[in-house]
Structures are given as structure tokens and as C-alpha cells.
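Results of the structural survey
Now for the letters of each chain:
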There are 2 protein chains.
Amino acid sequence: MKRTAFDFPLALARGSGDPLRVQVVHGLRVAVQTGRLPAGSALPSTRALAADLGISRGLVVEAYEQLRAEGYLIAQRGSATRVARRRLPDAPARRTRETPVVMQPPALAAWRPRFDFRPGVPDVSLFPARSWMRALRRVWADGAPAVLDYPDPQGVEPARTALASYLSRSRATVAEASRVVLCTGFAQAARLVAEVLRARGVRRMIVEDPGHADQCADIRAAGLELVPVPVDDGGLVVDRLATIDAGAALVTPAHQHPTGAVLDPERRAALLAWAETRRAFVLEDDYDAEYRYDRAPVGALQGLAPERVVYIGSASKMLAPSLRQGWLVVPAELVAGVRQAKLSADRGSPALEQLALAAFLEAGELDRHLRRTRGIYRRRRDALVGALGRYLPGTTVHGVAAGLHALVALPRSTDEPGVVAAAARNGVRVYGAREYHAVPAAAPPALLLGYGGVSEKDIEPGVKQLAKIIGGARR
Amino acid sequence: MKRTAFDFPLALARGSGDPLRVQVVHGLRVAVQTGRLPAGSALPSTRALAADLGISRGLVVEAYEQLRAEGYLIAQRGSATRVARRRLPDAPARRTRETPVVMQPPALAAWRPRFDFRPGVPDVSLFPARSWMRALRRVWADGAPAVLDYPDPQGVEPARTALASYLSRSRATVAEASRVVLCTGFAQAARLVAEVLRARGVRRMIVEDPGHADQCADIRAAGLELVPVPVDDGGLVVDRLATIDAGAALVTPAHQHPTGAVLDPERRAALLAWAETRRAFVLEDDYDAEYRYDRAPVGALQGLAPERVVYIGSASKMLAPSLRQGWLVVPAELVAGVRQAKLSADRGSPALEQLALAAFLEAGELDRHLRRTRGIYRRRRDALVGALGRYLPGTTVHGVAAGLHALVALPRSTDEPGVVAAAARNGVRVYGAREYHAVPAAAPPALLLGYGGVSEKDIEPGVKQLAKIIGGARR
């Protein structure tokens, strides 16, 4: 390392692999950026600096010229090269700049509780890593993949075809590749549809109460007003819709979130009749429909009315949220709009992972994975329901035997936020249900207990611990 | 295959692998969906259908119950099970439903010209497939990857760190991982920033004229008004900004799109002074800055004023558009907003490919790839400039020796759209420059000739062919 005789440190590391010119440019640039070379200050002549550093003068001339082109230095004929005057906020120095941004990592990730009943995530340790990697390799089998240019914004054709076939077979949709749109998970799908509907003049969307609080925020961000409609044991109370002026309804027919109800057959028909009469659209969130333990999953609403229902699914619950793969099956009159919205949002989702998904589906890997994990989650659910019966006999498990969580009603007098907080202090993560209600203060006390993040053997001790906490909170 | 005695075909295929119950449900469902079982029609009794199909009655009971739950059938005590009455638009049959949606594949992909001078795309056949796959494998080296749950919406930490280091080293940014946001390419980055600025009260954004026409549409979609400001050989004519009331400016300082100009050092300083005075933000689109052939690339504007410049880059020109990876380096006061906008848009980009990018960068693979491709594109550019000199001496090549395209000014009298159309008819794809101008009709005739999609040896015959067409058009 060599330092110059001047009052700014310019360290050159010969043999570091970086060309000397690059090192000189970088050293000077950082000196300006950090304020060690203040605005207006004169630099040594190229000859003097070259001699000082023991390098060729041409190299310093090049470096000065580079930094002049970038706006760091000013060269005037017959005068010294100077640091350009710029008004920077507080002439930020590297050290101080590292502190002001307080970026909280996601709260969820930060804390590792002993018993984690977080809902809404699958057990990612069950992710079929080998078969997914095999699917990825298949994409690359012939050297470079088929799709490297800008992809079809609607999704690459093999993936749309594979999904259409999978959904029609497994979820009873009426899906054709031309109606399928691939996107970045459910959240983007809902957002895009909300934007399209807004542009068509829709102003209000019916949502389930209780429902998906975070989805609601996104739909509001797209400019729609939300109209909460209550849910009971038969799902959305559809007869409330008659008097509501809304152009869309977002529902979870296969497994209501968070109550776990299945939408009644009669209500299915009534909901579709409502949509038909109003020329409204139903957004069907089919988020964990593949996980039904007591019978075959109920087929999608979309199959009954493909021109009025927008079907939305994703890989987040079936495989892993980090894949960020979602899909829509869209009525004919919305296809062009959703495609355009996706183009404008991000020009289409990554193509290679779409091809991997297609290969994965076509090899039957998703079926295999679901068969395997269905058994695992079913045992966890049984363990949860059993433990709740033993240790918390005053609670009621809502909904059907399905999905990745259970809604557990607590005795009326229970202080739900108090229980959630006390549980957290004692190493148990549970979510209160009130945040899923349109009017949280009016919600009956209940917990959402997810079993994606807790192993079968941890469920009993976890519930036992939770029972102690609830008992303590009630005393 | 067995067909029933009733007047609807229900085909069972024993030994097909699908359980008989699934086949019965599927067959009935499709019969309803396609109208072969019309609404209101009575189904055979479970006993009769079971006998007819030679299967157990319990199986038919289950199937009817399944379809009742899904809303396809209605069961009333003491009466036959019937197909539910639903008002479907035109009782769509599968056959007819396949035709109405006319989805055009992207026009670009549909046509394969003999000589393809499409700008804005790299040569995807140069994609470093092996080293990218190696990076992907590294992500999966320990079985399941580290990030399978919902990712940090701002981008996973290893990728933000690797990018911050790469950009600071190679593009002279002042980037820290906490300021980096990963997203789905440039388009989403610009869209998110536009949304955040709009929410902060910004109403107008300055754009370069000529500039990126498609980006402009997206920014308008986010609710901002665009103010076009002319570009000359020194880039954006910054002294025009003094009288414009705008809260942001979108610029391409390293290589103006489409003219190829580099933003003057004095204008860099003036632009940043403007931004500082107005508390405005500069969006720096660094789209193909890595491809400079006559000298080292000019460092990013962001390094001069990290609190006023939003730096945006992507993998689309350096690697492949289908990766859909883009990144921002964001001023401190915008980080929380951009992070929130990304969360609301799609909950974050796919995590595994972010990790692959990190591994790719850290192994030095991007540097290697750029070194290799820089030579290839440089030779193509030289071939293009040489051929233009020989066959089209009346034209002028604008801009510096950089990027993946050249803007070629045609003689004043040339009918630009006529040339583009005639070239297309003769197997040569070229783009006219007028669509990049705020007032297309006033634009001087010029062509954008990209060399990402044409090999070195095809450039001379391609230009020769183009010269014939231009000669013909002028006669």
C-alpha cells in the first residue's frame, strides 16, 4: 500500500488484481464522496500525483478525465483540477450514511419461538427440493433455455398449458391456456384484477368478514372500496348481497379464510346468480384448497361460471412462498385487460421458473408432493384437535378438516390480545383472529393456529404450554 | 370404456390410474359444464347409475354429494337429484369456448426476419447458461435453499449485499445493502418509484425527448404527468429545467436512449443542483452502461448524490430479459416507501433466483461474462459502422461507442415509416426513431439499429440489403 504525500489518502494495492487506473479512479471518487476531498479543493497536478504514487502520468490524466466525465472533478484551462461544487445534504460520509436507515427485517423472521403456530405458511422443510431442482435442470437440458428474450407477459406458453391441464383435472376449473395468466403470487393477481376492474368502472368489492386483512389493503391501494359481508358456518352470507351495490366479490369458497367454512352449494349458486345479474365478477381465492383431509377437495367455483369467476391460485401454500408463483384463470372479457396490467406492472414474471413449474407439473411431481404432505398435515391437524380437547376443553375448533391452520374460538371472557402477548413471552407464537375482522373490537376472542411451522411432536407440548398461559390469563 | 344407458355419456376407463370415484365426478361435471346435462335435468337414481356403470352405489352417492357441494347438482328430499339451474352466458360449451379469445402472441416473437436489427435486447445466445446453472446449483447445494418462506420484500439479504458491492465497484454507486431493493426488471422499478413519488405529492416527471416510449406509458399509468425535455449531443438539455415545475426527472446519463449521448459533466452537476434546490429526485436508468467500447464506462450519477438519485439497473441487457431481475439503490428517505410499494405490488420477487444472482456475482461470473461479450458487441458495432459508411454514406451514426444499438440519422428527405415497412417486406427488421419522440411527426428520419439479435457476419449483408431498400424508397 502506498499513500500520497498529499493530505488525502489514496491507497494503491499492487498485485490486488484491480488495474492501477481503476484503483486511482476509485480512490479519488471515494475521497470526494466521503468529503475527504471537499468541494472546491484543488487536486495535485497530474505530474505531481503520478510522481508521488510512482505511476505513469498518463494513468493519472486518464483518471482525472474519467472523474471529470462523471461530474466529480472540474478541469479549467490554465488552472488546477478541482473537486466539483455540489450541494449534497450534509456532505454524507460513508460512516454516517450507514446508520440513518433503520430497516427492520420482517418481524416474522426476526423471532424464533419455541412453538410456532404462525398461520398462512406451509412447512417449507417439506419442500420437494430434489424434484424441483430436477425440473429446473430439465429446463436447461439442451444448454440454454427456450425462453431468454422478454417473455410473453401473460406467462410462457408451456406453463400456461400445464397449469390449465392441472387445474382442470385437479381443481375442476374450466381452464384453457389462453385464459391463464402467470404472476408473482396471489397478492399480485388480486392487485392486477382490482386495477382492471377499477378501470372498467367498478368502485366497490365485497370481501368476507372475517377475511384476509392484508389482501384488503392491497385492493384498497388499487382504488377500490371494500364492503365487508359476514361469514358463518356456510361461508359468505350471500343473501346479504342483494342490497349491496358492488361490481365484484372476493371469496374463499373451498376453505374460508380464516374460519375454515366451505361455501354452501346453495350459496354458490346464489353468488353466481348475483354476479350474473349484476354483471359482477367473483374473485375466487383457492389458496389452500388442495389440503382437504376428510374428503376430496370441493371443486372450484370457476368451473360453474368461467365467464363470471376469476380463479386465483398460487404455489405459496402447496410448495413454498419464496417461489412467488401465482396464476389466474380469467373470463374472456378480462383477459386482454389483465394481460396489459401485467405488462405495465413488470413486463411478465421470470420465465425460467415458469418452465420449471411446467416440467414439475407434467412429471406429476406436484401430485406426488401433495399426496405426501396431505398425510403429514392431516396428522398435525389431528394432533392439534386432540390436544385442544385435552388441554383447552373450553375452546371450539371451527371449520372443516382442511388447510394449514385452525380457527379456535376461546371462551367469551378471554382477553385475546392478552393471550397472544403472554404466549409470545412464553415462547409460543399464536395469532389472534381479531385483526381479520372488519371491526376488530367486536370480534369474539379466537386464535389462528397454523401447523405449517410446528412439527407433529411439538403440537401437544405447544398446546399444553398455551393452555397454561390461557389459564393464567383468566385467573 | 363403458357408457351408461342414459342419454349422457359417462366414460369410465378402468386401469387408467385415476380412481373410479374421480372419474365419475369428472365425467358428470364436464357433462354439466358443456351443457350435455342441461340445467334442471334429472339424474338417474344412484342405484340405477351404479348398476348401469357396474360400480358400487356408495361410489355414486359420493360423486353426487361431491357435485352437490360444488353447486353443480341439487338434491331435494324425496325427489330426483337434478342439475342446478345456473344462468351462464350462452351455456358455454368447451368447443365454442376455445375460439373467442384471440390472444395475439407478442408481435416481436411472431416474425423471424432474415436480418434482425431489433434494439433493446442482448444476444441471448451468449447467455452464460453453464455458469448461471452453476450458481443455481450453489443455492441448492445443501438440500433445500435458505429462503423458502416469504422473502424480505426488499430482496433477500445476500443478494442485496452482493449487488451493493458489485454496483459500488463497477458502477461507482454509493450503495449499501440497506438501500438496495430487488424487483422484477426496470419496468417495475420505475413503476414503484413513480407510485411512491405520486404519494409524496409529486405530479410531474421530466423525461428525455427522444426517450423510452414504453417506460413513459408505465409512469403515466402510475398517475404522473410527463414533461419531455430535449436531448442533444451532451444528453438532456439541463438548462431547460429551470422553468419547469416537476418533482422528478428520469434520465439515462451513461448512454442516452436512444441517441447514445453521454450526459455532460457540467450538466450532471447542474441536474443534481436542480434536484437539490427543488428537493426533486433523479431516476437514473443505467440500462446498458456496462457496454462501453472506447473507454471505461462513465460512473453512475448516483455516486455523486445518493440522497437525490434513485439508481435503477437490471439483468435484462447484461444477461437475459427473461430473468426479470432488476434493482434499485434508493435515497434514505424513499427506502421505506419503495419497500412498502413492492410489498403491496407482489410481496417481493422470487427468492431463489435472487440467491442465484448473488452466487453468480460473488463468483465473478458477471465480470467474466461482460468482458467476453463486450468484445463481441464491440466487433458488431464496428462492423455496423463500417458497413453504414460503405453502403449508406448519407447517414450519420449518433452517440458514443457503447450499448447494444446505434441511432442512425437518415437524409432529411427520407420517408422513415416507408423505409421501416419496405425493410420488413424484404426480411430486414429495423425500428424507426420517431416513436421515441414526444412529437413523432416532427422527428428527423432515423433508424435504431440493434445488434443484439444479429451476428457479426450478418451485419454487412443486412446493411447492404437495407441500403438497397433506402435507395429504392428515395427514387
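Residues numbered from 1 in each chain as written. Chains lettered and ligands numbered in written order. Predicted model: local features only at pLDDT ≥ 70, side-chain atom pairs only at ≥ 80, totals over all residues. Heavy atoms only, no water.

We now examine the relation of the copies chain B and chain A. The two chain copies are related to each other by a rotation about an axis together with a translation along it. Between the two copies, chain B and chain A, the superposition gives an RMSD of 0.2 Å; the rotation angle is 180 degrees and the shift along the axis is 0.0 Å. What we have between these two chains is a two-fold relation. Here 100% of the interface residues in chain B have copies in chain A that are interface residues too; the copies meet face to matching face. (Least-squares fit on C-alpha atoms with pLDDT ≥ 70 in both. Contact = heavy atoms within 4.5 Å.)

Note on backbone geometry: most residues besides glycine have negative phi, and most peptide bonds are trans. For the bond running from D209 of chain A to P210 of chain A, omega is 0 degrees, close enough to zero to count as cis. In this structure, P210 of chain A sits in the loop between β5 (204-209) and α9 (213-221). A cis amide bond, omega 10 degrees, links H257 of chain B with the succeeding residue P258 of chain B. Positionally, P258 of chain B belongs in the loop between β8 (248-251) and α10 (265-278). Of note, the phi angle at R279 of chain A is positive, near 55 degrees, even though the residue is not glycine. Mapped onto the fold, R279 of chain A is located in the loop between α10 (265-278) and β9 (281-285). With a relative accessible area of 48%, R279 of chain A lands in the partly exposed category. Phi at A172 of chain B is positive, roughly 60 degrees, even though this residue is not glycine. (Helix = DSSP H or I, 4+ residues; strand = E, 2+ residues; numbered from the N terminus. Buried < 20%, exposed > 50% of the residue type's maximum accessible area, 1.4 Å probe, protein only.)

Before going further, it helps to examine the interface of chain B and chain A. Tallying the contact residues gives 97 residues for chain B and 97 residues for chain A. Carbon and sulfur atoms make up 57% of the area that chain B and chain A hide from each other, which totals about 8200 Å². Scanning the region where chain B abuts chain A turns up ten salt bridges. Note that R347 of chain A is salt-bridged to D218 of chain B, the shortest N-O span being 2.7 Å. Our enumeration of links across chain B and chain A arrives at 36 residue pairs in polar contact (both at pLDDT 80 or more). (Buried area = accessible area lost by both parts, 1.4 Å probe. Salt bridge = Lys/Arg side-chain N within 4 Å of Asp/Glu carboxyl O. Polar contact = N/O pair within 3.5 Å; in protein donor to acceptor, adjacent residues only side chain to side chain.)

Before going further, it helps to spend a moment on the nonpolar core. Counting residues in hydrophobic clusters, the biggest one holds 140 residues, and the most contacted among them are W132 and L466 of chain A together with W132 and L466 of chain B. With near-sequence residues (within four places) excluded, W132 of chain B lies in contact with W140 of chain A together with F127, L319, L323, Q325, E353, A356, L357 and F360 of chain B. (Core = buried A, V, L, I, M, F, W, Y, C linked by side-chain atoms within 4.5 Å.)

Attention shifts here to the sheet that holds strand β12 (residues 396-397) of chain B. Residue and element names in this part refer to chain B. Ordered by their spatial adjacency, four strands build an open sheet running β12-β13-β16-β15, and the pairing between neighbours is antiparallel. Every other strand in the sheet has two partners, leaving β12 and β15 (431-432) as the edge strands with one partner each. Note that β15 and strand β16 (residues 446-450) share two bridges and pair antiparallel. Each bridged residue has a counterpart across the sheet, and for G432 the counterpart in β16 is L447. Contacting β15 and β16, helix α14 (residues 416-425) crosses the sheet at an angle of about 40 degrees to β16. (Pairing = 2+ DSSP bridges. Axes fitted to C-alpha atoms, helices over the stretch in contact; angles between N-to-C directions.)

Let us look at the packing of aromatic side chains. We describe a pair of aromatic rings using the distance from one ring centre to the other and the angle between the two ring planes. Taken as a whole and assessed by the stated rule, the structure comprises eight aromatic pairs over all chains. What links up through ring pairs into an aromatic cluster is the set F127, W132 and F360 of chain A together with W140 of chain B. In this arrangement the basic side chain of R308 of chain A is found over the ring face of F281 of chain A, its NZ or CZ atom lying 4.5 Å from the centre. (Phe/Tyr/Trp six-rings, centres within 6.5 Å; stacked < 30°, edge-to-face > 60°. Lys NZ or Arg CZ within 6 Å of the ring centre and 35° of its normal.)

On inspection of all chains with the given rule, the structure shows 66 salt bridges over all chains. Here R339 of chain A and D152 of chain A are joined by a salt bridge, their closest N and O atoms 2.9 Å apart. Highlighted residues: R339 of chain A in helix α11 (residues 332-346) and D152 of chain A in the loop between α6 (129-139) and α7 (157-170), separated in sequence by 187 residues. Grouping residues by exposure puts R339 of chain A and D152 of chain A together as buried. Two residues, E70 of chain B and R29 of chain B, come together in a salt bridge whose shortest N-O distance is 2.9 Å. Of this pair, E70 of chain B sits in the loop between α3 (57-69) and β1 (73-74) while R29 of chain B sits in helix α1 (residues 20-33), and the two are 41 residues apart along the sequence.

What follows concerns a positive patch on the surface. The grouping of R137 and R138 of chain A together with R137 and R138 of chain B at the surface amounts to a positive patch. Contributing elements (two or more residues each) for the positive patch: α6 of chain A together with α6 (129-139) of chain B. For R137 of chain A, the position within the fold is in helix α6. What makes R137 of chain A partly exposed here is its relative accessible area of 41%. (Patch = residues over 30% accessible without salt bridge, like charges linked within 9 Å, V, L, I, M, F, W, Y side chains within 5 Å. Areas by Shrake-Rupley, 256 points an atom, 1.4 Å probe, with all protein chains shown as cover. Lys, Arg positive; Asp, Glu negative; His and termini not counted. Charge placed at Lys NZ, Arg CZ, Asp CG, Glu CD.)

A few words on the confidence of the model for chain A. All names here are of chain A. With 91% of its residues at a pLDDT of at least 70, chain A reaches an overall mean of 88. Confidence drops under pLDDT 50 across residues 87-109; counting only partners more than four residues distant or on other chains, this segment forms 39 contacts. The ipTM for the predicted assembly is 0.86, set against a pTM of 0.86. (pLDDT = per-residue confidence, 0-100.)

Within the fold, E353 of chain A resides in helix α12 (residues 351-362). The charged side chain of E353 of chain A is buried without a salt bridge, its nearest counter-charge being R324 of chain B at 9.6 Å. Residues contacting E353 of chain A, with those up to four places away along its chain left out, are W132 and Q325 of chain A together with E353 of chain B.

Its 14 residues place the ends of helix α7 (residues 157-170) of chain B 20 Å apart at the C-alpha level, agreeing with the 20 Å of an ideal helix rising 1.5 Å per residue. Buried residues along α7 of chain B sit in contact with α1 (20-33) of chain A together with β4 (180-183), β10 (309-314), β11 (326-329), α12 (351-362) and α13 (365-391) of chain B. Taken from the residues just after α7 of chain B, A172 of chain B is the one with a positive phi, measuring 60 degrees. (Expected span 1.5 Å × (residues − 1).)

Moving on, we come to the sheet that holds strand β13 (residues 405-409) of chain A. Residue and element names in this part refer to chain A. Strand order across the open sheet formed by four strands is β12-β13-β16-β15, with antiparallel pairing between neighbours. The two strands at the open ends of the sheet, each matched to only one other strand, are β12 (396-397) and β15 (431-432). Pairing between β12 and β13: two bridges, direction antiparallel. Bridge pairing in β13 links T396 to A409. Where helix α13 (residues 365-391) meets the sheet, it contacts β12, β13 and β16 (446-450), and its direction lies at approximately 15 degrees from that of β13.

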